[in-house]
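Observations on the three-dimensional arrangement
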Amino acid sequence: MATDAPMSCSCGKVTGMIRGLSPASTNHVRCPCDACQAYAHYLGRADDMLDEGGYSNIFQMNPRDFEIHQGHEHLAAVRITDTGPVRWYADCCKTPLGNTFPRGGMPFLGVLPICIGHKGTSSAVVDLVGPVRAVGFEKPPIPLGSRLRTMGMIMRLFTKMAIWRIRFGKSWKPFFDEHTLRPIRKPIKLTDAEREALAAKVI
Ligand SMILES: [Zn+2]
Ligand SMILES: [Zn+2]
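Every chain is numbered independently, its residues counted from 1 as its sequence is written. Chains and ligands are labelled sequentially in the order written, the chains with letters from A and the ligands with numbers from 1. Thresholds applied to this predicted model are a pLDDT of at least 70 for local features of residues and 80 or more for the giving and counting of side-chain atom pairs; totals over whole chains, interfaces and linings are not thresholded and use all residues. Side-chain metrics rest on all non-hydrogen atoms present in the structure, leaving aside hydrogens and water.

A look at unusual backbone geometry
For the bond running from Lys173 to Pro174, omega is -5 degrees, close enough to zero to count as cis. Put simply, DSSP marks the helices as runs of H or I at least four residues long and the strands as runs of E at least two long, and each gets a number from the N terminus on. Along the chain, Pro174 falls in the loop between α4 (144-168) and β11 (188-189). The backbone phi angle of Lys94 is positive, close to 55 degrees, even though this residue is not glycine. Looking at the secondary structure, you find Lys94 in the loop between β7 (86-90) and β8 (95-100).

In structure tokens, the structure reads:
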């Protein structure tokens, strides 16, 4: 069953609604990568975003179903690495929202569940988007079963993205300009010193 989940930053200035959440409409993954960990430390929200192993829970979805109703002026974006995703957050209280590609076009959004009020793998998240399907960017050695699960998850995600793209056209809501497909905020680029300080906190 699909559920609409109210979305909010922790201080309540940014609010919205995530439409139609279900295990079928999303991909629930966990990621232990250095950049996801650094991002949690960048926001000062490691307790809300990382489990004891340094994993972030993320559910991937069609960004058009992620509605921002209020607080657009508080939106900010950062890139932890030069090649990684653009990570969107509410600057008022450093609440992570979701991760996107650098440009609009292909529909993709990886949501950090704290913006619907739940930490990581809480049963409330699993009720909404189903259990974790795979681990992204797992650290080696990676068991074969885990590798196969990740490959299956990526194929499932790409199939979904292709279907969303064909059905709804170029993706831009809510983080890109409709015409240029550029981010509505210029992503913050970290200095080398900031990156090093964050890297020191990664496990
Ligand atoms: Zn806030
Ligand atoms: Zn990651």
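Digging into the coordination of the zinc ion (ligand 2)
Reference geometry at the metal: tetrahedral coordination by four donors gives ideal angles of 109.5 degrees; octahedral coordination by six donors gives 90 or 180 degrees. At 2.2 to 2.3 Å from the zinc ion (ligand 2) lie its protein donor atoms, namely Cys31 (SG), Cys33 (SG) and Cys36 (SG). Sites may look incomplete, because water is not among the atoms used; the donor set itself consists of N, O and S atoms within 2.8 Å of the metal (3.2 Å for Na, K and Ca). Expressed as a motif, the donor residue spacing for the zinc ion (ligand 2) is C-x1-C-x2-C.

What about the pattern of salt bridges?
If the charged atoms of two oppositely charged side chains come close together, the side chains can form a pair. By convention in these notes, a salt bridge is any Lys or Arg side-chain nitrogen within 4 Å of a carboxyl oxygen on Asp or Glu. Taken as a whole and assessed by the stated rule, the structure comprises seven salt bridges. Salt-bridge contacts for Asp48 lead to Arg45; the nearest nitrogen and oxygen are separated by 2.8 Å. The salt bridge involving Arg195 is made with Asp82; its shortest N-O contact spans 3.0 Å. Here the residue Arg195 occupies a position in helix α5 (residues 192-199), and Asp82 occupies one in the loop between β6 (75-79) and β7, the gap between them amounting to 113 residues. The network of salt bridges with shared partners includes Asp4, Arg19 and Glu67.

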